[in-house]
Amino acid sequence: AYAWGGDLPFPPYWTVGQLAIEYEKVADLNAFRIRKIIKGDIWDARASSPLTQPGINVNVGDLIWAVNGRTVEPNKPLEALLVNQARQEVRLLVS
């Protein structure tokens, strides 16, 4: 009738990577359009956007077509492609 802390299994836990952007779905293209890139704190790598790092050529208005080779799906958010990718380098197909 009673359950204590050690009696229950822990639920699954998945980390989700963040690109620090605002985006919108472009349904007819199956892509996400970048509306804003959040700058964050440039002095703290953990608090700044990965898309503002040197050598990353991504801009507002660009379209994200795939993450790590997985193409954007019509009914899934961008975060679905970033599951278990927190603090990991990801490959974006962007145009």
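Owing to the predicted nature of the structure, the values given are computational and were not obtained by experimental measurement.

Draft legend 1. Seen up close, the layout of surface pockets. As a volume, the largest pocket reaches approximately 780 Å³. Taken together, 25 residues form the lining of the largest pocket, with Gln18, Ser49, Pro50, Arg87 and Gln88 sitting closest to its centre. Its residues placed into classes, the lining of the largest pocket shows 13 nonpolar, 8 polar and 4 charged.

Draft legend 2. Representation of the nonpolar core in the model. If you look at the biggest cluster of nonpolar residues, it comprises 13 residues, and the most contacted ones within it are Leu19, Ile21, Ile34, Leu51, Ile64, Val67 and Leu78. Of all the secondary structure elements, the ones that give two or more residues to this core are strand 2 (31–37) and strand 3 (63–67). Per-element tally for this core: the top contributor is strand 2, with 3 residues. The residues contacting Ile21, other than those within four sequence positions of it, are Ile34, Lys36, Ile37, Ile38, Leu51, Ile64 and Leu78.

Draft legend 3. Region of the structure containing the environment of Leu63. Tracing the backbone through its elements, the reader meets Leu63 in strand 3. The class for Leu63 is buried, based on a relative accessible area of 10%. Measuring from C-alpha to C-alpha, the distance between Leu63 and Tyr23 comes to 9.3 Å, with 40 residues separating the pair along the chain. Excluding residues within four positions of it along the chain, Leu63 makes contact with Val26, Leu29, Ala31, Phe32, Arg33, Leu93, Val94 and Ser95.

Draft legend 4. Quick look at the environment of Leu19. Along the polypeptide, Leu19 turns up in the segment before strand 1 (21–26). Residue classification places Leu19 among the buried positions, given a relative accessible area of 7%. Along the primary structure Leu19 and Ala45 are separated by 26 residues, whereas in three dimensions their C-alpha atoms are 13 Å apart.

Draft legend 5. Broad picture of the pattern of salt bridges. Throughout the structure, instances matching the rule amount to 3 salt bridges. Its salt-bridge partner being Arg35, residue Glu22 comes within 3.9 Å of it at the nearest N-O pair. Taken together, the residues span a long stretch of sequence, with Glu22 in strand 1 and Arg35 in strand 2 at a distance of 13 residues. A relative accessible area of 35% places Glu22 in the partly exposed class. Glu73 is paired through a salt bridge with Lys76; the nearest N and O atoms lie 3.8 Å apart. Accessibility expressed as a relative area gives 41% for Lys76, which makes it partly exposed.

About the thresholds
- Residues numbered from 1 in each chain as written.
- Predicted model: local features only at pLDDT ≥ 70, side-chain atom pairs only at ≥ 80, totals over all residues.
- Heavy atoms only, no water.
- 1 Å grid on protein atoms, 1.4 Å probe; cavity = no way out; pocket = protein on both sides within 12 Å on 5 of 7 lines; lining within 4 Å.
- Points joined across faces, edges and corners; volume = space filled by probe spheres on them.
- Nonpolar A, V, L, I, M, F, W, Y, C, P; charged D, E, K, R; others polar.
- Core = buried A, V, L, I, M, F, W, Y, C linked by side-chain atoms within 4.5 Å.
- Buried < 20%, exposed > 50% of the residue type's maximum accessible area, 1.4 Å probe, protein only.
- Helix = DSSP H or I, 4+ residues; strand = E, 2+ residues; numbered from the N terminus.
- Contact = heavy atoms within 4.5 Å.
- Salt bridge = Lys/Arg side-chain N within 4 Å of Asp/Glu carboxyl O.

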